[in-house]
Amino acid sequence: MKTMTGTCVPMITPMTESEAVDFDSLAGLTEYLAGCGCTALYPCGTTGEVMNLTLEERRKIVRTVVDAARGRIPVFAQVGGLSTSESAGLAMDAHAAGADGIGILTPTYYPLGDEELFDYYVRVAGSVPKDFPVYIYGIPGLAVNRLSAPLVEKIADACENIIGIKYSVSDILTLMSFKRIRNNRFRVLVSPAQMLLPALVIGVDGIVSGNCNVFAEDINEMFCLFKEKEIEKCRALQGRLTLLAEAMANKEAAKCKALLCRRGIIKSDAMRSPQKKLSESEKNELFSVVDKIIVDEGEKV
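Residues numbered from 1 in each chain as written. Predicted model: local features only at pLDDT ≥ 70, side-chain atom pairs only at ≥ 80, totals over all residues. Heavy atoms only, no water.

**Student:** What is the right way to look at the environment of A254 in this model?
**Tutor:** Within the element layout of this structure, A254 appears in helix α12 (residues 252-262). Sequence separation between A254 and I12 is 242 residues; the distance between their C-alpha atoms is 8.8 Å. In this structure, A254 is in contact with M271, K276, K277 and L278, ignoring residues within four places of it in sequence. (Helix = DSSP H or I, 4+ residues; strand = E, 2+ residues; numbered from the N terminus. Contact = heavy atoms within 4.5 Å.)

What follows is the structure in structure tokens.
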């Protein structure tokens, strides 16, 4: 059973100027990320504009990434949808497409109780084989519903293929509570890049952050330095990652696209309406800030 560890990329979804999914650029992005040391790909997540995609687009995105990855890097498809049946259908489609596993976002918009959330995860995880790895995905700031450690443990006890959680909060105590599940064998993934070093200290297994689309090399280096116990270098690198993450805050997907387009990795920085791409002045400001951080902070690492 494959897992998500290290630098896991919640991939942006390239668009054409007419707002169609650019599958050629998506394949090229997969090729780029597979070659720069990332350890897993995570299409159709928040950074991938998932709520603006049709179900058929989501299926084709997963197939495109799986085909382009060619087994060189695990692909975990985010399959959470607006209903249990929709999520279960996407889960089965991801398995059939050859994905290595899935992440399941909590239902969104409607606040749900623990019993409803439990039933949702049991049913969606039960739609795929028991040896097909599943991660719970929570982002309460956007998706409304929060997951407590006791609830996640109850879900994990009921579903042997649920092996971990990606929880997007800046709260080390919450991450620690998840890490204790299954006698510290439950896999926990952090999201904000500002949290990477403290999260590594408590034993998280990896990061799933939009910043991985554009700063994968720096994030990979953090894992290497931490493994080598180069703590002072880790602290210096965390300072740089924090500054970069702050520069990417607000309109993160649009900023990732602008930087990837600037590098020639995707053809357009277009977003799907109602989201908009950066204006020229916003791009120039972003490029100036990022370039300065890389030059100034790079000397300290």
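**Student:** Mind showing me how you'd approach the environment of M176 here?
**Tutor:** If you trace the backbone, M176 turns up in helix α7 (residues 172-179). Classification of M176 by relative accessible area gives partly exposed; the value is 31%. For the pair M176 and A199, spaced 23 residues apart in sequence, the C-alpha to C-alpha distance is 8.7 Å. (Buried < 20%, exposed > 50% of the residue type's maximum accessible area, 1.4 Å probe, protein only.)

**Student:** Would you mind going over the sheet that holds strand β1 (residues 6-9) with me for this structure?
**Tutor:** The strands that make up a sheet are held in pairs by hydrogen bonds between backbone atoms, and each pair lies either parallel or antiparallel. Strand order in the open sheet made by the eight strands is β2-β1-β8-β7-β6-β5-β4-β3, with parallel pairing throughout. Edge positions in the sheet fall to β2 (40-41) and β3 (76-78), since each of these pairs with one other strand and no more. As paired strands, strand β4 (residues 101-105) and strand β5 (residues 134-138) are joined by four bridges and run parallel to one another. Bridge pairing in β5 links G103 to Y135. Seen against the sheet, helix α4 (residues 114-125) touches β4, β5 and β6 (162-167) and runs at an angle of roughly 160° to β4. Most of the contacts of helix α10 (residues 212-227) go to β1, to which it runs at about 170°, and overall it touches β1 and β8 (206-208). (Pairing = 2+ DSSP bridges. Axes fitted to C-alpha atoms, helices over the stretch in contact; angles between N-to-C directions.)

**Student:** Whenever I open this one, the pattern of salt bridges confuses me. Can you help?
**Tutor:** Between side chains of opposite charge, pairing is possible as soon as their charged atoms come close. Applying the stated rule across the entire model yields 19 salt bridges. Taken together, the shared-partner salt bridges in this structure form one network comprising E17, D269, K277, E280 and K283. (Salt bridge = Lys/Arg side-chain N within 4 Å of Asp/Glu carboxyl O.)

**Student:** When you look at the packing of aromatic side chains in this model, what are you seeing that I'm missing?
**Tutor:** Each aromatic ring pair is characterised by the separation of its centres together with the angle its planes make. A full pass over the atoms with the stated rule returns five aromatic pairs. Note on Y42 and Y137: the rings are 6.0 Å apart at their centroids and 75° apart in plane angle, and the pair reads as edge-to-face. Of this pair, Y42 sits in the loop between β2 and α2 (55-69) while Y137 is found in strand β5, placing the two residues 95 residues apart along the sequence. Here Y42 and Y137 have matching classes, each one buried. For the pair Y120 and Y121, a centre-to-centre distance of 5.0 Å together with 80° between the ring planes defines the contact as edge-to-face. Taken individually, Y120 and Y121 each receive the classification buried, so the pair is uniform in this respect. Looking at K60, its charged tip hangs above the ring of F23, at a distance of 4.4 Å from the centre. If you follow K154 out to its NZ or CZ, it ends over the ring of F118, 4.7 Å from the centre. (Phe/Tyr/Trp six-rings, centres within 6.5 Å; stacked < 30°, edge-to-face > 60°. Lys NZ or Arg CZ within 6 Å of the ring centre and 35° of its normal.)

**Student:** Whenever I open this one, the state of the cysteines confuses me. Can you help?
**Tutor:** Note on terminology: disulfide describes a covalent bond linking the sulfur atoms of two cysteines. Here the structure, examined in full by the defined rule, presents zero disulfides. The cysteine C234 is free of any disulfide, with C224 supplying the nearest cysteine sulfur at 9.9 Å. Among the residues examined, C234 registers a relative accessible area of 0% and is labelled buried. Between C256, a cysteine without a disulfide, and C212, which holds the nearest cysteine sulfur, the sulfur-to-sulfur distance is 9.1 Å. (Disulfide = S-S within 2.5 Å.)

By themselves, these are just geometric observations and shouldn't be taken as functional.
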